[in-house]
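Topology and contacts: notes
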Amino acid sequence: MSAASTAESADFRGPLDITRAATVVLDAESTVIGWSPAAAELLGYGPSDALGRPLTAFLSVRPAGGTLPAEASGAAGPGPGPPSLVGNEIHVARTRDGRELLVATATCPLPGAAGASGPGTPDRILVAAEVEALLHWESRIALLQGLATQSPVGLAIYDTDLRLSWSNTAYEREMGQPLAAFRGKRAEELYGAGSFVTPGYPHTLAGVMRQVLDTGEPVLDLHFRGQPPSDPGRDHLWSCAYYRLEDAHGHALGVCEDAFDITDRYRVQERLTLLVEAGRRIGTVLDVATTAEEIADVAVPDFAATVRVDVTRAAVTGETAAVGSPADMTLLRVAERSAPGSGTPDPGLPASGPTETGRPDPYRPGASPTVTDSPDPGRPDTGPTGSGPTGSGAAGSGPTATARGPAGPGGTNSPGGPGGPRQPYPPVDYPPGSPQNRSLSSGGLVLDEGTLVVPLRTGGGVLGLVTFDRGEGSDASGRSPGPDRATTFDNGEVALADELAARAAVCIDNARRYTRERTASLALQRQLLPHHLPPQSAVETAYRYLPADDVTGVGGDWFDVIPLSGTRVGLVVGDVVGHGLQAAATMGRLRTSVRAFAQLDMAPDELLTRLDDLVGQPAEDRSDACGGAVETYDVTTGATCLYAVYDPVSRRCVMARAGHLPPAIVGPGGEVSFPDLPAGPPLGLGGLPFESMEIDLPVGSLLALFTDGLVEARDHDIGRGLDTLGQVLGDRSASLEELCDRAVSELVPGGTSADDTALLLVRTRALGADRVADWELTAEPVSVGRARELATGQLEAWGLEELVFATQLVVSELVTNAVRYAGGPLGLRLIRDRTLVCEVADTGHTSPHLRHSAADDEGGRGLFIVAQLVQRWGTRYTPTGKTIWTEQALPPAEAG
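Everything quoted here is computed from the prediction, not taken from an experiment. (Residues numbered from 1 in each chain as written. Predicted model: local features only at pLDDT ≥ 70, side-chain atom pairs only at ≥ 80, totals over all residues. Heavy atoms only, no water.)

**Some thoughts on the overall build of the protein chain**
From N to C terminus, the protein chain includes 22 helices and 33 strands. Put simply, the protein chain has 896 residues, and 48% of those count as buried. In the protein chain, of all internal contacts separated by at least 6 residues, the share reaching a separation of at least 24 is 62%. Approximately 40200 Å² of the protein chain is accessible, and the part contributed by carbon and sulfur atoms is 54%. (Helix = DSSP H or I, 4+ residues; strand = E, 2+ residues; numbered from the N terminus. Buried < 20%, exposed > 50% of the residue type's maximum accessible area, 1.4 Å probe, protein only. Contact = heavy atoms within 4.5 Å. Areas by Shrake-Rupley, 256 points an atom, 1.4 Å probe, with all protein chains shown as cover.)

Given below as C-alpha cells:
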C-alpha cells in the first residue's frame, strides 16, 4: 500500500464534508452563484462555466432514487457535514464530457437568507459527492462503530502516562462497569495481579506498553494471565496486541491494546496436550503398578490435586478381569499422587492417608501382606527374595536372577514389576454411598462435586477405579481456585478423564495379560530347570541363570548336569529361539529329551542327531495334519545345544555342538582357550552331520558352558564378551561361586539383559586308582569263577563284605552271558563311588533284554535276578563292543 492510499484510508472526513465535497452556493431561484474547486473537479465545469446557470443544468430535477438515511455524528467525532445538515438525496449529475454520475447531495440553508431572498443573494449551500464514495465511507464508519460496541475483542486506549482514556463495550464487560468508572486508571490498577507468560517480553502491562511507546514497534499475540474484575478468583488468559497511536504529525498520543480472551481455547489445548502426554507416558512398560503410577503422574497437578488408582487383585496377579462377582472386586491401592500442599480424605483408607512420596505406606494399618515372586528357576528355594540360582545349591550367593521392574518415582523400583519384588498394596474398602462404591455398583463414572471416579473397563470387565480429586488443590490450569468457583469438573474435563482412564485400562489389561503369561512361563521354567545340582564325584559345579528383562520376556535358555554310568557326567547347555510361554515349554521338552537320550549312554554326536530328528518332527506333523494350510514355524527350529560327557576315570571329555558357542576351557595353569569344536547346524535344520571332539582334561581343569546372552549385548559383540569371560575365568585362586559372580557382574552389569543368560562352570576331578579296579578275562567258562574271585577279593579290600554275595551273582550272570553270547576278550571293572559300579565289557553289539520266564522255563531268569539285586543297570555301546553296567547302593556306613 502506498503512502497516499494509506493517508486516504486514515482520513475519516465524510465525502459530504464541506471541506472535501463539491460545494455549490445557490440563491433563492437555484441559480449558481458560487462554485468550489471540488465541484469543478467532480463535474468538469470551471467557475466561469457554471456561475449564473441554473442548478438543473448540472443535476436532474427529480432524484434518481429514494432518500438515504441522514448520517450525523455527535460532537464527539467527525460526521458527513455540519450539525445542521438535514439529509441527502440521490441525483444524476451530467459532466462536461457527457457522462452521468450518481451523486448524493445535501443542502444547508444559510442563516438570515429567508429575509433577503432575491437574485444573486446567497440562500443555501449544496454539497455533492459520488454515491460510491459515500457508501465506502459509511462502511468504514460502521466498522468503527462495530469495534466500539459489538466486537468481542477488548479495545482500550492508554495515553502517554499509561492511563486508560477510552475502551469499547467488550472491555467494559470484562471490567464489569462502565467506562466512566475506571477511566484514568493505570493498567496495573486494573490487572495488578496479572502478568505476561510469553517469554522474551516484560512481565507487566506497564513494561510492555512503555516498550511499545518508546520503540514504536507493535507486538502481537502476547499471552497475559490474570483475573478480570468481572470474574475474580479465576484465572483467564488473553491474547494481546499493542501498537502506538500517533497524530498527523507523528507525535505519540498513546498505546492501543487489543485483547481477546482465549481461556476456553487454552484449556482445550491443555486437554489435548494432556492426552498427547498420556499417550507418550502411559503404558511404557508391561507392568500393572507402573502403568497405574504413570496415569497418576500425568494427571497431577495439571488435571487434579490428588489421583488414586485402585486395581483389582486379579489384575495385579495377572488373572482374568473381574466380571461382577464381589469376590473378584477386591481392590488394591497401587498408586496415589497428590500435589504439594494438597490432600483430601480417602474414604477407602479412613485410618490414614498417603505418604510424603504419594505412595501407599506399606506399614500402615490395613496394609496387605507382602506379595513376593516365587523362587527363581534353576535355584533351590531360598525364601521370598527370589534371588538368582547359584551353583552347588548355595543359598544366598550369586547375583539376582530376576529382572527388576523399571524405577519408579524417587528412584525406587516399580512395585509389582514382573519378576521383581512386589511391594505390598493395601486393600481398599469404600463405604456405601461413596462415589467409588456407586461407580462399582453402576459400572459407570460418578461425579460428586470435586471428586470424579472413572472405572477402568476393558473387555466387559472392570479392572479397577481411578479417582480424580480436586479438593482444595489446583484447578485445570494448575492455579488455586477462588472461593466463588466450585472445585468440580466440567463436561470437557469429564470426557478427558474418561479418555485417560480408557487408555490406562487398555495398558493395564495388556500388562495383566503379560503378567499372566510371564508368571506361567516362569513357573514352567522353574519346574523344568534343575532346582539344585546333586554333588558329583567327577566334577565340581556352579551355575547362574538370569531370565530376560521385563521387556523381552522369559526365554528358553537351559542347562543341566546329568549323572551317567561309570561315574561319568553329562554336561549340557542350550538356547531356544524366541521368548515367552512357548519358548519355556520348548526348552522343557528339549531338556527332557536330552536327559532321556543321555540315559541311553549315547555319544554326543549321536545324541544331537536324535535330538535334531525330534525337533524336525513336530512341524511336519502339524503341516501334514492340516494339509499344509498352517504356519509350520516352530520355536524349536533353530535351537542350539552343546553336549559334553566327562569321564573322571580316563580324564577325557567328548563334546559336540549344534549351532552353539564352543565352551571355554581353563587349564590348571590358568591358560584360557576356546576349542575349535566342529560347528554343527542348529537343531531342526538338518543337512549336515554332527561331529564330536575328544579332549584330555587334566585334573583341576575348568570347563565353562554358556549361552550367547552372557557374552553378547547391544553395546558389544560376542568377541569382546568372550575376551572378558576369558579374563574372569583365568583367575585360578577364585572359587567357582566367585567366578560365577564376577562373570555375571562383568558381562551383565544390570542383572538382566535382552536375552536369557545361562552359565555352567565345571571343575574336573579324577577317581584315584584305589577306587577303580579292572581286569581283562578270556571268553571261556572258566572266566566266570575267576571273575567271582577277583570281585570278592576287591570288595573285601574295600571293606564291602556286605555286597559280596550280590556282587558275585551279578558278576556271574554278566560274565556268563558275555562268554555265551559275545566274544572276547572280556573286561571286568569295579568302581567304588557313591555307589558300587560293576561293568562287564565284551565285543558283542547285541543288548540283553529283561524278560519274565514262565514257571516251566529252564532259563531266562538270570538278568531278572540281577535287576532285583541292583539299583539300576544298562548297556553302553563302545567302538569295540558294549558294556553292561550295574549300580548297587553302598552300606549306610560306607555311603556316609
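**Some details on the sheet that holds strand β5 (residues 124-130)**
With antiparallel pairing, five strands are arranged side by side in an open sheet as β2-β1-β5-β4-β3. If you trace the sheet from one side to the other, it starts and ends with β2 (32-35) and β3 (89-94), each paired once. Across the sheet, the mean angle separating the axes of adjacent strands is 35° when strand polarity is ignored. Two elements, strand β1 (residues 22-26) and β5, share five bridges in a ladder whose sense is antiparallel. When the bridges of β5 are listed, valine 25 appears paired with isoleucine 125. (Pairing = 2+ DSSP bridges. Axes fitted to C-alpha atoms, helices over the stretch in contact; angles between N-to-C directions.)

**Topic: the sheet that holds strand β8 (residues 195-196)**
Read across the sheet, six strands follow the order β7-β6-β11-β10-β9-β8 without closing on themselves; strand pairing throughout is antiparallel. In this open sheet, the two edge strands, each paired with only one partner strand, are β7 (164-167) and β8. Helix α8 (residues 205-215) rests against β6 (154-159), β8, β9 (219-226), β10 (236-246) and β11 (252-261) of the sheet, and its axis sits at about 25° to β10.

**Thoughts on a nonpolar patch on the surface**
Among the surface-exposed residues, Phe805, Leu809, Leu850, Phe864, Ile865 and Leu869 lie close enough to one another that they form a single nonpolar patch of about 510 Å² accessible area. For the nonpolar patch, the elements supplying multiple residues, two or more each, are α20 (804-821) and α21 (862-869). It is α21 that contributes the most residues to the nonpolar patch, three residues altogether. Mapped onto the secondary structure, isoleucine 865 falls in helix α21. (Patch = residues over 30% accessible without salt bridge, like charges linked within 9 Å, V, L, I, M, F, W, Y side chains within 5 Å. Salt bridge = Lys/Arg side-chain N within 4 Å of Asp/Glu carboxyl O.)

**Observations concerning unusual backbone geometry**
That bond from valine 300 to proline 301 is cis: its omega, 0°, falls within 30 degrees of zero. Within the fold, proline 301 resides in the loop between α10 (288-299) and β12 (306-312). Located in the positive-phi region is serine 30, a residue other than glycine, with phi close to 65°. One can find serine 30 in the loop between β1 and β2.

**Section: the nonpolar core**
Counting 50 residues, the largest nonpolar core has Trp558, Leu571, Val594, Leu607, Tyr643, Leu683 and Leu703 as its most contacted members. Contacts of leucine 703, omitting those with residues within four sequence positions, involve Leu571, Cys653, Met655, Pro663, Ala664, Ile665, Leu760, Leu761 and Val762. Listed in part, the 41 residues of the second largest apolar core include Ile282, Val316, Leu332 and Ile508. (Core = buried A, V, L, I, M, F, W, Y, C linked by side-chain atoms within 4.5 Å.)

**Some remarks on the confidence of the model for the protein chain**
Looking at the protein chain, pLDDT values average 79 and 79% of them are 70 or higher. Every residue in residues 1-7 scores below 50 in pLDDT, and together they form two contacts with partners more than four places removed in sequence or on other chains. This stretch, residues 622-633, has a pLDDT under 50; its non-local contacts, to residues over four places away or in other chains, come to eight contacts. (pLDDT = per-residue confidence, 0-100.)

**With respect to the pairing of strand β16 (residues 451-458)**
The buried fraction of β16 amounts to seven of the eight residues, a majority that puts the element mostly inside the structure. For strand β15 (residues 446-448) and β16, the ladder comprises three bridges, and the chain directions are antiparallel. Note that in β16 the partner of aspartate 448 across the bridge is threonine 451. Hairpin connection of β15 to β16: two residues between the antiparallel strands, including glutamate 449 at a positive phi of 55°. What sits between the antiparallel neighbours β16 and strand β17 (residues 461-469) is a turn of two residues, in which glycine 459 has the positive phi angle 60°.

**With respect to the pattern of salt bridges**
Overall, the coordinates contain 31 salt bridges when judged by the stated rule. For aspartate 310, the salt bridge identified is with arginine 333, shortest N-O distance 2.4 Å. You can see aspartate 310 sitting in strand β12 and its partner arginine 333 sitting in strand β13 (residues 331-338), a full 23 residues away along the chain. A relative accessible area of 0% means that aspartate 310 is categorised as buried. Judged by its relative accessible area of 0%, arginine 333 is buried. Through salt bridges that share partners, Arg308, Asp310, Arg333 and Glu336 make up one connected network.

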